[in-house]
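# Examining the three-dimensional arrangement
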Amino acid sequence: MNSKKPVIEIKDVYTRFGDRQVLRGINLNIYPEETFVILGRSGCGKSTLLRHLIGLQKPESGDIHIKGVDIIHADDEKKRQTLLKVGMLFQNGALFNSMTVGDNVALPLKQHTPLELSTIRIMGRIKLDLVGLAEFEHHYPSQLSGGMKKRAALARALAMDPEILFCDEPSAGLDPVVAVGIDQLILKLKSAFKMCIVVVTHELESVFTIADRIALMDGGRIVFLGNKEEMKKSDNPIVRQFIDRKPDQDIIDTEQYFNTLINE
Amino acid sequence: MNKVYEVLGGWGRQLFGFFKSVRQFFLLSWQTFKWLLTAPLSRKKIEWHDVFVQMVRIGVDSLPIVIVISFFIGLILAMQAAYQLHQFGASIYVANLVGVSITRELGPLITAILVSGRCGSAIAAELGTMKVGEEIDALKTMSIDPIGFLAVPRTLAMVVVLPCLTILADLVGIGGGVLFAVTQLEIPFSAYFRQSAEAILAKDFLTGLIKSGVFAVIVSQIGIYQGFQVRGGAEGVGKSTTISVVSAIFLIILADVLFTALFYSTF
């Protein structure tokens, strides 16, 4: 579907935590300038996959290339260089509570660029303006509402002008109006900066607003990959369950249920 | 039989867990140390501003409590010493006893224990909260090394400030002894001063400072390690904070025994 070279290549990624197999062979290519949504229920392994992609955790086996660099086996310096081109929006923002919003946004620039402090301030203000928080530069994160925190965190993720932006549950814990605002912001970024945006979420409404392509994960595998229309038309039972918001089937095997109760 | 397995297995797991955390502790301290050693050679920048902020937090903010406690310790030592020495008409030796035990032992020890309770725990709680709030993960994804950004400034500040506090505690503690001697034992200030100056040798003072440098490394590294290894939420932060104080005090006293034995046998 896309003739361009993928920016993110995920090959045969397996991960286990103790006895629990979390990822069972993930294969995925994500292309430049697309908004890619990884959808799945809680505990399906989507957050773990995201942690592999941003280099916080190594998978048990498999390869992940970001912009052609093998980030699992690359040395620290190479990994550092690659991650500079990646922005990450954490679920609860993960703003540094001891710093003002302005300092939060300025931090990556201070650390990684030789720019003058005054220049950094201006660049930080531009990013804050982009997310509509220009007048909150001198506020501390604790003085902001949930939605504002998330927007400030987005400004920080954009500070280094990343080519890839990862978002972990961007609208989780926000009221519907604010959540739509975040979705609109993501769409705006997409058209303004032409960056590759990877969103991990379980919220269907926002998926259908922002996604170019969607991957549905279940039990550590990708069970569906395609665009919105394909997803709506799909007759895959897991996709249908997700779209139609059906609860899990109750346990039918009464004997097994009895055994789990008496723990034998 | 099952009970036996359960109990032994539990102990075994605890033992393994203990050795694992000891290993991780040394690994983390080594990383901090390595960072400091290699910083001048590479383009890594030490966050001097953060070092300064931490120095104020550890040093300046601890001043009142360190001054009051070490004054009391000096006073107590003088009273207890006088109680015995008085019987032999050797009250003037209170100056020796107070001076030597404060500079060699109690000054560094009390200061380190106070700072571990005040600041070691604060470091653990602060870093632990950052860990729980994904702030440390955020640092990593921004390609900022948490060791250089968080651990190094705190370690540096502690290693500089704790010996300084100890010098102050030494002086104030001796002052406590002076006060008691001059007012209660009717020893003139000049005689007490002369006696102290003769009794306290440079090496007494220096061994105390060496100890306090070691204590500084212990307090800062335990705090940082406990902060970084917090798991779970607020409960995990509380647990790590408590452990950081208890284990820091334990290690301070253990190190004190070793160093005192070393200084006793060599000097």
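Since we're looking at a predicted model, the values are computed, not measured. (Residues numbered from 1 in each chain as written. Chains lettered and ligands numbered in written order. Predicted model: local features only at pLDDT ≥ 70, side-chain atom pairs only at ≥ 80, totals over all residues.)

Here the focus is unusual backbone geometry. Residue and element names in this part refer to chain A. One non-glycine residue, Asp12, adopts positive backbone phi at about 45°. Positionally, Asp12 belongs in strand E1 (residues 8–17). Phi at Ala94 takes a positive value of approximately 55°, unusual for a residue other than glycine. With respect to the helices and strands, the residue Ala94 is situated in the loop between strand E6 (86–89) and helix H3 (101–112). (Helix = DSSP H or I, 4+ residues; strand = E, 2+ residues; numbered from the N terminus.)

Moving on, we get to the interface of chain A and chain B. Chain A puts 13 residues into the contact, and the matching count from chain B is 10 residues. Breaking the side of chain A that touches chain B down by element, the ones donating at least two residues are helix H2 (76–83) and H3 of chain A. Broken down by element, the side of chain A that touches chain B gets its largest block of residues, three residues, from H3 of chain A. Across the side of chain A that touches chain B, the residue classes tally to nine nonpolar, three polar and one charged. (Contact = placed C-beta atoms within 7 Å. Nonpolar A, V, L, I, M, F, W, Y, C, P; charged D, E, K, R; others polar.)

What follows concerns the environment of Gly173 of chain A. All names here are of chain A. Here Gly173 is to be found in the loop between strand E7 (164–168) and helix H6 (176–193). You can call Gly173 exposed: it has 12 C-beta atoms within 10 Å. Distance in space between the C-alpha atoms of Gly173 and Gly62 is 33 Å, their sequence separation being 111 residues. (Buried ≥ 20, exposed ≤ 12 C-beta atoms within 10 Å, placed from the backbone.)

Next up on the list: helix H10 (residues 254–262) of chain A. The element H10 of chain A is barely covered by neighbouring structure, given that only zero of its nine residues are classed as buried. Asn263 of chain A sits one or two residues past H10 of chain A and shows a positive phi near 60°.

As a general rule, the predicted coordinates of low-pLDDT regions are not to be interpreted in detail. Mean pLDDT over chain B: 91, with 100% of residues reaching 70 or higher. Prediction confidence for the complex, expressed as pTM and ipTM, is 0.86 and 0.84 respectively. (pLDDT = per-residue confidence, 0-100.)

In this section: the nonpolar core. In terms of nonpolar packing, the biggest core is built from 127 residues, with Val37, Ile164, Phe166, Ile197 and Val198 of chain A together with Val219 of chain B touching the most fellow members. The leading source of residues in this core is helix H6 (residues 146–184) of chain B, at 15 residues. When neighbours within four sequence positions are excluded, Phe166 of chain A is seen to be in contact with Leu50, Leu53, Ile54, Val86, Met88, Leu89 and Val198 of chain A. (Core = buried A, V, L, I, M, F, W, Y, C linked by C-beta atoms within 7 Å.)

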